[in-house]
Amino acid sequence: MKSLAKYKLVAFFSVLIALTCFLIYYPGLNGPFIFDDFDNIVNNRDVHIQQLSLDTIQKAASSLTSGIFGRPLAALSFAFNYYLTDAADKPFGFKLFNILIHGINGILVLWIAILIFTRLQKQHPTQPLKYFSGKQYLIALAGGAALLWVAQIGRASCRERV
């Protein structure tokens with residue numbers, strides 16, 4: 001009976017995460033394409049696939065060239081969106097799929113956090129968070145947060161130059 005309550009709680013928070021994600025992104029659902037959407041979707045003929053074949057999927061996956069490896073997953077999601085909607089000029093389907101991806105990722109983060117906490121609880125049954133109580137973990141957490149903050153500042157300054 002106790003595990004059923006845990007599953008209900010996990011299901012509740014999963015639905016809550018998905019609903020929150022939808023409500024956050026809902027205002028932009030009917031908005032137009034913006035920023036790099038034109039280069040990546042509208043004007044990128046390689047993601048305008050009409051059939052699912054190995055050739056079209058490979059062309060689509062290699063069509064975005066930013067970064068070292070490009071952006072194959074993003075390109076494949078754009079191609080899959082186009083294949084389902086058959087319209088690169090209508091952003092609704094692309095935005096709805098993006099909301100779905102964000103919701104699924106939020107739920108996956110919840111499940112991973114639960115798995116980590118469960119494993120820690122098995123190692124330290126009376127105090128599962130004892131694992132993180134040392135100073136070195138607090139210093140590592142502060143360092144990670146500082147690194148993310150500096151990266152965000154650097155990213156913002158790069159955008160201002162463009």
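All of the points below concern the structure found in this document.

Criteria and cut-off values
- Residues numbered from 1 in each chain as written.
- Predicted model: local features only at pLDDT ≥ 70, side-chain atom pairs only at ≥ 80, totals over all residues.
- Heavy atoms only, no water.
- Core = buried A, V, L, I, M, F, W, Y, C linked by side-chain atoms within 4.5 Å.
- Buried < 20%, exposed > 50% of the residue type's maximum accessible area, 1.4 Å probe, protein only.
- Helix = DSSP H or I, 4+ residues; strand = E, 2+ residues; numbered from the N terminus.
- Salt bridge = Lys/Arg side-chain N within 4 Å of Asp/Glu carboxyl O.
- 1 Å grid on protein atoms, 1.4 Å probe; cavity = no way out; pocket = protein on both sides within 12 Å on 5 of 7 lines; lining within 4 Å.
- Points joined across faces, edges and corners; volume = space filled by probe spheres on them.

## Description of the nonpolar core
(1) Moving on: Counting 13 residues, the largest nonpolar core has Val47, Phe78 and Phe94 as its most contacted members.
(2) Moving on: Counting residues per element, the ones that place at least two in this core are α2 (37–42) and α4 (72–85).
(3) Moving on: In terms of residues, this core owes the most to one element, α4, which gives five residues.

## Focus on the pattern of salt bridges
Pairs can form between side chains of opposite charge whenever their charged atoms are close.
(1) Moving on: Counted under the stated rule, the structure contains one salt bridge.
(2) Moving on: Here aspartate 46 makes a salt bridge to lysine 59, at a shortest N to O gap of 4.0 Å. Of this pair, aspartate 46 sits in the loop between α2 and α3 (54–61) while lysine 59 sits in helix α3, and the two are 13 residues apart along the sequence.
(3) Moving on: We classify aspartate 46 as partly exposed; its relative accessible area is 30%.
(4) Moving on: We classify lysine 59 as partly exposed; its relative accessible area is 46%.

## Focus on the layout of surface pockets
(1) Moving on: Approximately 600 Å³ is the volume attributed to the largest pocket.
(2) Moving on: In terms of lining, the largest pocket is formed by 23 residues, of which the most central are Asp37, Phe94, Lys95, Asn98 and His102.
(3) Moving on: Contributions of two or more residues to the lining of the largest pocket are made by α1 (2–25), α2, α4 and α5 (91–123).
(4) Moving on: Counting residues per element, the lining of the largest pocket draws most heavily on α5, which supplies seven residues.

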